[in-house]
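Reading the structure
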Amino acid sequence: MRVLTLNPGSSSLKLALVRDGAAEMTSTLDKWDGSAPPGLAEFAAAIDAVAVRIVHGGNRAEPVVLTERALAELEELTPYAALHQPRSLAIARHAMAALPRVPVVGCFDTAFHADLPARASTYAVPAAWRREHGIRRYGFHGLSVAYATAWTARLLGRPVAQLGMVCCHLGAGVSVTAVEGGRSVDTSMGLTPLDGVPMATRSGAIDPAIPLYLVRRAGMSPADVERALQQESGLAGLSGTSGDIRDVLAARALGDPDARLAVEVYLHRLRREIAAAVVSLSHVDAVVLTGGVAEHQPDLMAELVAGAGLGLSHASARRAAAGGDGAEGVISPPDAPVPVVVVTSREDLELASQTEHLLGSTSEAGRVRQATEDR
Ligand SMILES: Nc1ncnc2c1ncn2[C@@H]1O[C@H](COP(=O)(O)OP(=O)(O)O)[C@@H](O)[C@H]1O
Ligand SMILES: CC(=O)OP(=O)(O)O
Ligand SMILES: [Mg+2]
């Protein structure tokens, strides 16, 4: 089966053509503005399906064939992923319009976390909020974490069912997930992808009283506070740069004190989340680092793990990072108490695999055809 995968992130759109588990083409539109990518209709003759990464799927545990009705339901979740959901739905609509006879499947970041234990998914807020407003921890980056988990199990040569892992997705968005037996048992992102670790431009978790203070006492509107937390905080807010880790590290290398503090806060908060994930696991077999920052910043990853209480000295972590930019595999030395593994994030392969699985099951075939014709 040949699947066109569409992965809209907070800033970019990544496209790939995946055939039988291997990408034949990949491309990235860096500052994607939500418009239809050129040439989409030309894929019609070459593909069997389109897979779209949809960041928020609510309680959905499985991918779905997208129809107008399904999109309308997913639109309701926009307040829970304000930066991402409109972009996910826009690219799904572009695909459905340009490729009217091709099934378009939505695969959800949240699905991997759908059966989080209640102790991890429940916020300690009034019951009415949880009941009436669906306030719970959903978790994100599930496509990336699912792929990284399976890849690490293959690398370690052990069944995924036996493994406990801490999986850090380090891109523009950042999250840390505790995975046991292939299931998410806790994760740092919450109701929305604003929770958890500071990101390129997002604050991560802050004292919940801060927005209330800013609205009540500093005269800011809720919209201003939200924009600042989503787009002007994180590494950008701390360092005064774009928030792209390359810019922050370049400023730090020039001795900029704000950039130095930004990296310290980023690493400290990441290490806290790694430690928090460890306590959700009965045993830790690997710490997994994935996403653009993990893949391309080996020195920073060495700095991260050396201070993470994993029993790795800075010197051994540094030697391990000598594999360099783009190196994947175990980066910790053989005597490390916990192996540290870098995995190239392949949401495209996970999207294609979930879509093939859904469309390949014979019980689904008739329904898929019907849903595609009806939309
Ligand atoms: N050499 C590099 N090439 C691309 N991205 C890099 C590089 N080094 C660091 N990065 C970081 O990786 C991030 C992109 O990672 P990615 O996983 O694609 O994130 P996302 O999908 O969240 O946009 C950028 O924000 C950038 O800070
Ligand atoms: C959920 C999320 O933050 O995604 P991304 O890192 O692609 O922006
Ligand atoms: Mg991403």
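As named in an unreviewed UniProt entry, the protein is Acetate kinase, taken from Saccharomonospora marina XMU15. As its UniProt record puts it under Sequence similarities (unreviewed entry), the protein is described as follows: "Belongs to the acetokinase family." In the Pathway (unreviewed entry) part of its UniProt record, the protein is described as follows: "Metabolic intermediate biosynthesis; acetyl-CoA biosynthesis; acetyl-CoA from acetate: step 1/2."

1. Notes on the pairing of strand β12 (residues 340-343)
Burial of the side chains of β12 extends over both faces: Val340 and Val342 are buried on one face and Val341 and Val343 on the other. Pairing geometry for strand β10 (residues 286-290) and β12, over four bridges, is parallel. Within β12, the position partnered with leucine 289 by the bridge is valine 342. Here two bridges tie strand β11 (residues 329-330) to β12, and the two strands are oriented antiparallel to one another. Counterpart to glycine 329 in the pairing with β12 is valine 342.

2. So, the site of ligand 1
Taken together, the neighbourhood of ligand 1 is formed by 16 residues, with Gly9, Gly171, Ala172, Gly292 and His296 sitting nearest. Every element with two or more residues in the shell around ligand 1 is listed here: α9 (245-253) and α11 (292-296). In terms of residue count, α11 provides more of the shell around ligand 1 than any other element does, three residues in total. Per-class residue counts for the shell around ligand 1 are four nonpolar, ten polar and two charged. Mapping the shell around ligand 1 onto the domain boundaries places at least three of its residues in each of domain 1 (2-137 + 347-374) and domain 2 (158-343).

3. What to know about the site of ligand 2
In the region of ligand 2, the neighbouring residues are Gly9, Ser10, Val55, His84, Asp109, Phe140, His141, Gly171, Ala172, Gly173 and Pro193. Class assignment of the residues belonging to the shell around ligand 2 gives a composition of four nonpolar, six polar and one charged.

4. Some words on the domain arrangement of the protein
When the domains of the protein are assigned, the result is domain 1 (2-137 + 347-374) and domain 2 (158-343). Computed over C-alpha atoms, the centres of domain 1 and domain 2 are 25 Å apart. Grouping the constituent residues of the side of domain 1 that touches domain 2 by class yields ten nonpolar, five polar and three charged.

5. Overview of the UniProt feature "binding site: ATP" (unreviewed entry) in the protein
In the UniProt entry, the feature "binding site: ATP" (unreviewed entry) is given for His169, Leu170, Gly171, Ala172, Gly173, Asp244, Ile245 and Arg246. Of note, histidine 169 is situated in strand β7 (residues 164-170). Given 31 C-beta atoms within a 10 Å radius, histidine 169 is considered buried. Setting aside its immediate chain neighbours within four residues, histidine 169 contacts His141, Ser144, Val145, Val174, Ser175, Thr290, Gly291 and Ser345. Relative to the helices and strands, leucine 170 resides in strand β7.

Reading the values: rules and limits
Residues numbered from 1 in each chain as written. Chains lettered and ligands numbered in written order. Predicted model: local features only at pLDDT ≥ 70, side-chain atom pairs only at ≥ 80, totals over all residues. UniProt positions renumbered as here; feature names shortened; annotations may be inferred. Buried ≥ 20, exposed ≤ 12 C-beta atoms within 10 Å, placed from the backbone. Helix = DSSP H or I, 4+ residues; strand = E, 2+ residues; numbered from the N terminus. Pairing = 2+ DSSP bridges. Near = placed C-beta within 6 Å. Nonpolar A, V, L, I, M, F, W, Y, C, P; charged D, E, K, R; others polar. Domains from an automatic or database assignment. Contact = placed C-beta atoms within 7 Å.

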